[in-house]
Amino acid sequence: QVQLVESGGGLVQPGGSLRLSCVTSRSIFGIYTMGWYRQAPGKQRELVTTITSGGTTTYADSVKGRFTISRDNAENTLYLQMNSLKPEDTAVYYCNAALTLLKTTNYWGQGTQVTVSS
């Protein structure tokens, strides 16, 4: 069974930084596109950023220049470095692994809470 295990969430003041981590199994990390989504209270889950197995990245406009996604293939770990955090970044952040062949297969982590508040 594939598992994605996130860590690194917490409470931070506006302007601060956090780094999220997501560890998964080698069987998917090398071929799946990995990403981070978030869901704020009362809102739909939204895509934050993705990184392909080849290292190509995409970012939501709201986080460009502040967030950086990266992957450590040797450790099967995905990271999200979040800088200059704003209150509107407050949400549960989910790690995602996706592969599209004839259909799209998705795996999700359990989520980690990020709260930006003074």
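Look a little higher up for the structure.
These lines cover the structure that appears in this document, whether it is placed above or below. Predicted model only: the values in this text are computed from it and were never measured.

**Overview of the overall build of the protein chain**
Next, step 1: Check the secondary structure of the protein chain and you find 1 helix and 11 strands.
Next, step 2: Moving toward the C terminus, one meets the helices and strands of the protein chain in the order β-β-β-α-β-β-β-β-β-β-β-β.
Next, step 3: Across its three principal axes, the protein chain shows a C-alpha extent of roughly 45 × 30 × 25 Å.
Next, step 4: Counting only residues that meet the buried cut, the protein chain has 40% of its 118 residues in that class.
Next, step 5: Sequence separation of at least 24 residues holds for 54% of the intrachain contacts in the protein chain that already meet a minimum separation of 6.
Next, step 6: Charge centroids of the protein chain, computed over 10 positive and 7 negative side chains, lie 4 Å from each other.

**Structural notes on the pattern of salt bridges**
Next, step 1: Using the criterion set out here, one finds 4 salt bridges in the structure.
Next, step 2: Connected through salt bridges with shared partners, the residues Arg38, Glu46, Arg66 and Asp89 form a single ionic network.

**Some thoughts on the state of the cysteines**
Should the sulfur atoms of two cysteines be covalently bonded, the bond is a disulfide.
Next, step 1: For the structure on display, the rule yields 1 disulfide.
Next, step 2: Between the sulfur atoms of Cys22 and its disulfide partner Cys95 the distance amounts to 2.1 Å. Where Cys22 bonds to Cys95 through sulfur, the torsion about that S-S bond is close to -80 degrees, and the disulfide is left-handed. Here Cys22, found in strand β3 (residues 18-23), pairs with Cys95, found in strand β9 (residues 91-100); they are 73 residues apart in sequence, far enough to count as distant.

**Notes on the nonpolar core**
Next, step 1: Core analysis: the largest hydrophobic core is formed by 27 residues, its most contacted members being Met34, Trp36, Phe67, Leu78, Met82 and Tyr93.
Next, step 2: In terms of residue count, the dominant contributor to this core is β9 (5 residues).

**Description of the pairing of strand β10 (residues 104-108)**
Next, step 1: Two strands pair when backbone bridges link them, and β9 and β10 are joined in this way by 5 bridges, in the antiparallel orientation. Across the sheet, the residue bridging to Asn96 is Trp108, located in β10.
Next, step 2: Connecting β9 to the antiparallel partner β10 that follows it, the hairpin turn spans 3 residues.

**Some words on the sheet that holds strand β8 (residues 77-82)**
Adjacent strands of a sheet form backbone hydrogen bonds with each other and so pair up, either parallel or antiparallel.
Next, step 1: Strand order across the open sheet formed by 4 strands is β1-β3-β8-β7, with antiparallel pairing between neighbours. Each having just a single partner strand, β1 (5-7) and β7 (67-72) make up the two edges of the open sheet. Taking the axes of each pair of neighbouring strands and ignoring which way they run, one obtains an average angle of 15 degrees across the sheet.

Reading the values: the criteria
Residues numbered from 1 in each chain as written. Predicted model: local features only at pLDDT ≥ 70, side-chain atom pairs only at ≥ 80, totals over all residues. Heavy atoms only, no water. Helix = DSSP H or I, 4+ residues; strand = E, 2+ residues; numbered from the N terminus. Buried < 20%, exposed > 50% of the residue type's maximum accessible area, 1.4 Å probe, protein only. Contact = heavy atoms within 4.5 Å. Lys, Arg positive; Asp, Glu negative; His and termini not counted. Charge placed at Lys NZ, Arg CZ, Asp CG, Glu CD. Salt bridge = Lys/Arg side-chain N within 4 Å of Asp/Glu carboxyl O. Disulfide = S-S within 2.5 Å. Core = buried A, V, L, I, M, F, W, Y, C linked by side-chain atoms within 4.5 Å. Pairing = 2+ DSSP bridges. Axes fitted to C-alpha atoms, helices over the stretch in contact; angles between N-to-C directions.

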